Structures are given as C-alpha cells and as structure tokens.
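Here is how the chains run, residue by residue.
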Amino acid sequence: MRTGVRLGVDVGKVRIGVARSDLHGMLATPVETVQRGRGDLVRIAQLAAEIDAFEIVVGLPIALSGRDTPSTDDAREFAAQIARELAIPVRMVDERLSTVSANSALRASGRNAKNSRSVVDQVAAVIILQHALDFERAAGSPPGLIVDTPEGS
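On a predicted model such as this, the values are computed, not experimentally measured, just so you know. (Residues numbered from 1 in each chain as written. Predicted model: local features only at pLDDT ≥ 70, side-chain atom pairs only at ≥ 80, totals over all residues. Heavy atoms only, no water.)

Engineer: I'd like to hear about helix α1 (residues 40-50), residue by residue, with values.
Structural biologist: Among all positions of α1, only D40, L41, I44, L47 and A48 are buried. The buried residues of α1 occupy an angular sector of 120 degrees when the element is viewed end-on, so they sit on one face. Facing away from the buried surface of α1 by more than 90 degrees, the exposed residues are V42, A49 and E50. On the buried face of α1, the contacting elements are β1 (6-11), β2 (15-21), β3 (28-35), β4 (55-60) and α2 (70-85). D52 lies just past α1 and shows a positive phi near 55 degrees. (Buried < 20%, exposed > 50% of the residue type's maximum accessible area, 1.4 Å probe, protein only. Helix = DSSP H or I, 4+ residues; strand = E, 2+ residues; numbered from the N terminus. Arc of directions from axis to C-beta. Contact = heavy atoms within 4.5 Å.)

Encoded structure:
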C-alpha cells in the first residue's frame, strides 16, 4: 500500500463531491462539495494542496451494462482538466452505483434526498475513494487507470 493522502472526486453536472484519505490510505472521509463551473478546478487544486495529496482519484460513471454514458465522457474530460492543471497523478476508477449507495446510506441514517443533495456528493466521493483504497490494499497495485495528458497541453 502506497503511503500518502489521496483526494477523491465525484464529478456531477451541478456539484462535485470531494473526499480525502488519511496518510496511510486506510479510511476515506468527506471534505466538501464544490459547485461545478467557474472556479471548480481552482478549488480542487487548493484542496489538493491543503492536504498535500499525492494523487487524485476521480470516479468514472459507467452504465451497469459496462457501456459509456454522457456522464462518462464528462468525467473523463474533467479528470483530464485536473491532470493538466495539477502536477500530481490523476486516476479514474469505476464508480458504478456509488451515488445509489450514497443515497441509501443517507436514507438509512434518517436524512432525505432533498435536504442532502450537497452531502450525497461528498458521500459518493467517500465511497469512490474507499473502494479505490480497498482495491489497492487487496491487489497490491494502484486502482483504475492513470489519466494521460499530451505533452505540452
């Protein structure tokens, strides 16, 4: 297991959930919800710097069938933008059912969806990052795929 803090990101059309891991990569915890749009990349860069993240894990929303969706393309583009802006590696990991799991967890804790919209994004980011951490611990190799950026971009 690699040592170092990771930042987890759940990319949505309106909001971006952000989570972080501890230094030893054992536990993911929520950080904040960032509004999508002007300044979102700047805020993610600030958060990564504040926690001294060595890697960013971005959820890749794939349909249950395994096919890409419009959200898949959006998440890939956003991850590529992060990779171009920050000088740290960005990985994409399968996030199937993370938002469904986040909503279920919030309902089980007594919160309703209407009052939990910003929190659900953070919980989804926690789920994405925790799955990545658990995978790395079990497999002994980093999760997902590294986002490549063309030279000079």
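Now that the structure is up, let's keep going.
Engineer: Mind laying out the pattern of salt bridges, listing which residues take part and the relevant values?
Structural biologist: Considering all chains together, one arrives at 13 salt bridges under this definition. Linking E136 and R6 is a salt bridge whose minimum nitrogen-to-oxygen distance equals 3.5 Å. Of this pair, E136 sits in helix α4 (residues 117-139) while R6 sits in strand β1, placing them 130 residues apart in sequence. In terms of burial, E136 and R6 fall into one category: buried. For D74, the salt bridge identified is with R36, shortest N-O distance 2.9 Å. Of this pair, D74 sits in helix α2 while R36 sits in the loop between β3 and α1, placing them 38 residues apart in sequence. According to the relative accessible area criterion, R36 is partly exposed, its value standing at 24%. Three or more residues are tied together by salt bridges with common partners; here these are R2, R6, E55, R91 and E136. (Salt bridge = Lys/Arg side-chain N within 4 Å of Asp/Glu carboxyl O.)

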